[in-house]
Amino acid sequence: YDTLSRLLDYYSAYYRDTLKRLGLIDRYEEARSLARELKNWREDIYAPGIEKIISLDLVLRNKAIIKTANSRFEKILNDLRKLKNSKLLSLAEVEKYLGAATANLKAAEALDNEVTKILLQLLRKTTLNPDADRKNKPEAILSDYKRISNLVDQSIIKIKTAYKIFIELNSEVKKLLEL
């Protein structure tokens with residue numbers, strides 16, 4: 001977070017400095033040069049930095065979604081154990097649902113771990129040096145952000161699948177209990 005905070009401070013300072021410089025311009029050529037410089041800065045430095053912030057938000061939201069899904073699954077398991085202990089249900093009767101839900105949640109976690117690793121590597125590459133950022137930037141960094149987004153999407157699909165299984169499991173349990 002310290003790196004991102006410094007990054008945002010840098011962006012603010014750059015914009016304040018550019019605004020001051022704009023106030024000192026009295027020739028068209030100077031204005032045009034400053035506009036070109038600002039455009040290049042936004043493309044080479046600002047946009048990739050904002051991508052990092054957006055990626056961090058995506059990863060943090062995904063972690064929260066996974067935590068919620070795992071918590072719900074634990075509640076389902078506890079309810080099933082109660083039914084088993086009351087001899088109303090055998091877990092073997094719903095094992096296929098439990099296995100499928102577990103597999104999807106574990107796959108979502110694995111994808112989340114991979115995306116976290118990629119994001120941490122990207123955040124470590126963050127500098128406040130415009131020349132270094134220009135060298136690091138173009139397609140390689142942007143493809144990492146697309147990869148992060150893709151992995152988060154895959155993780156969410158796995159979680160959605162787990163929730164569908166939760167619903168199927170609920171229907172099966174009702175059927176077995178003749179409700």
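Here's what I pulled together on the structure shown here. No experiment lies behind these values; they were computed from the predicted model shown.

Turning our eyes to something else, we now look at the overall build of the protein chain. When helices and strands are tallied, the protein chain shows 5 helices and 0 strands. Along its sequence from the N terminus, the protein chain presents helices and strands in the succession α-α-α-α-α. Within the protein chain, counting contacts between residues at least 6 apart in sequence, those at least 24 apart form 85% of the total. For the protein chain, the computed accessible surface area is about 11600 Å², with 55% contributed by carbon and sulfur atoms.

So, about the packing of aromatic side chains. For the structure shown, the criterion picks out 11 aromatic pairs. Summarising the aromatic geometry, the rings of Tyr14 and Tyr15 are spaced 6.5 Å apart at their centres and angled 75° between planes, so their arrangement reads as edge-to-face. Assessed through its relative accessible area of 13%, Tyr14 is described here as buried. Accessibility expressed as a relative area gives 30% for Tyr15, which makes it partly exposed. A network of ring pairs unites the aromatic residues Tyr10, Tyr11, Tyr14, Tyr15, Trp41 and Tyr46 as a single cluster.

Where helix α2 (residues 28–85) meets helix α3 (residues 95–124), the axes come as close as 10 Å, and the angle between the chain directions of the two elements is 155°. With respect to each other, α2 and α3 are oriented roughly antiparallel. For the pair α2 and α3, the crossing hand works out as left-handed. The residues of α3 that touch α2, namely those facing Lys52, Ser55, Leu56, Val59, Asn62, Lys63, Ile66, Ala69, Asn70, Phe73, Leu77 and Leu80, are Leu98, Ala101, Thr102, Leu105, Ala108, Glu109, Asp112, Val115, Thr116, Leu119, Leu122 and Leu123. Looking at the contact of α2 with α3 residue by residue, the classes come out as 15 nonpolar, 5 polar and 4 charged.

For α2, with 58 residues, the first-to-last C-alpha span of 82 Å sits near the 86 Å given by 1.5 Å per residue. The largest bend in α2 comes to about 45°, at Arg42. Two residues or fewer after α2 comes Lys87, characterised by a positive phi angle close to 60°.

By the definition in use, this model includes 8 salt bridges. With its nearest N and O atoms 2.7 Å apart, the salt bridge here joins Lys63 to Asp112. Linking Lys63 in helix α2 with Asp112 in helix α3, this pair joins segments that are 49 residues apart in sequence. Taken together, the shared-partner salt bridges in this structure form one network comprising Arg27, Glu29 and Glu30.

Further remarks concern unusual backbone geometry. Of note in this structure, Lys87 is not a glycine but carries a positive phi near 60°. Considering the arrangement of structural elements, one finds Lys87 in the loop between α2 and α3. Judged by its relative accessible area of 75%, Lys87 falls in the exposed class.

This paragraph deals with the environment of Leu7. Looking at the element boundaries, Leu7 is found in helix α1 (residues 2–23). Exposure remark for Leu7: the relative accessible area of 2% places this residue in the buried category. With 42 residues separating them in the primary sequence, Leu7 and Gly49 have C-alpha atoms 7.5 Å apart.

Let us now look at the side chain of Glu172. Here Glu172 lies in helix α5 (residues 138–176). Beyond its immediate chain neighbours, meaning those up to four positions away, Glu172 contacts Val94 and Tyr97.

So, on to the environment of Lys117. Relative to the assigned elements, Lys117 resides in helix α3. Looking at Lys117, the relative accessible area reads 56%, which means it is exposed. Here the alpha-carbon distance between Lys117 and Ile148, two residues 31 residues apart in the chain, equals 9.8 Å.

Analysis parameters
Residues numbered from 1 in each chain as written. Predicted model: local features only at pLDDT ≥ 70, side-chain atom pairs only at ≥ 80, totals over all residues. Heavy atoms only, no water. Helix = DSSP H or I, 4+ residues; strand = E, 2+ residues; numbered from the N terminus. Contact = heavy atoms within 4.5 Å. Areas by Shrake-Rupley, 256 points an atom, 1.4 Å probe, with all protein chains shown as cover. Phe/Tyr/Trp six-rings, centres within 6.5 Å; stacked < 30°, edge-to-face > 60°. Buried < 20%, exposed > 50% of the residue type's maximum accessible area, 1.4 Å probe, protein only. Axes fitted to C-alpha atoms, helices over the stretch in contact; angles between N-to-C directions. Parallel < 35°, antiparallel > 145°, perpendicular 65-115°, else oblique. Left-handed = near helix turned anticlockwise from the far one by under 90°. Nonpolar A, V, L, I, M, F, W, Y, C, P; charged D, E, K, R; others polar. Expected span 1.5 Å × (residues − 1). Bend = angle between axes of the 7 residues up to and from the residue. Salt bridge = Lys/Arg side-chain N within 4 Å of Asp/Glu carboxyl O.

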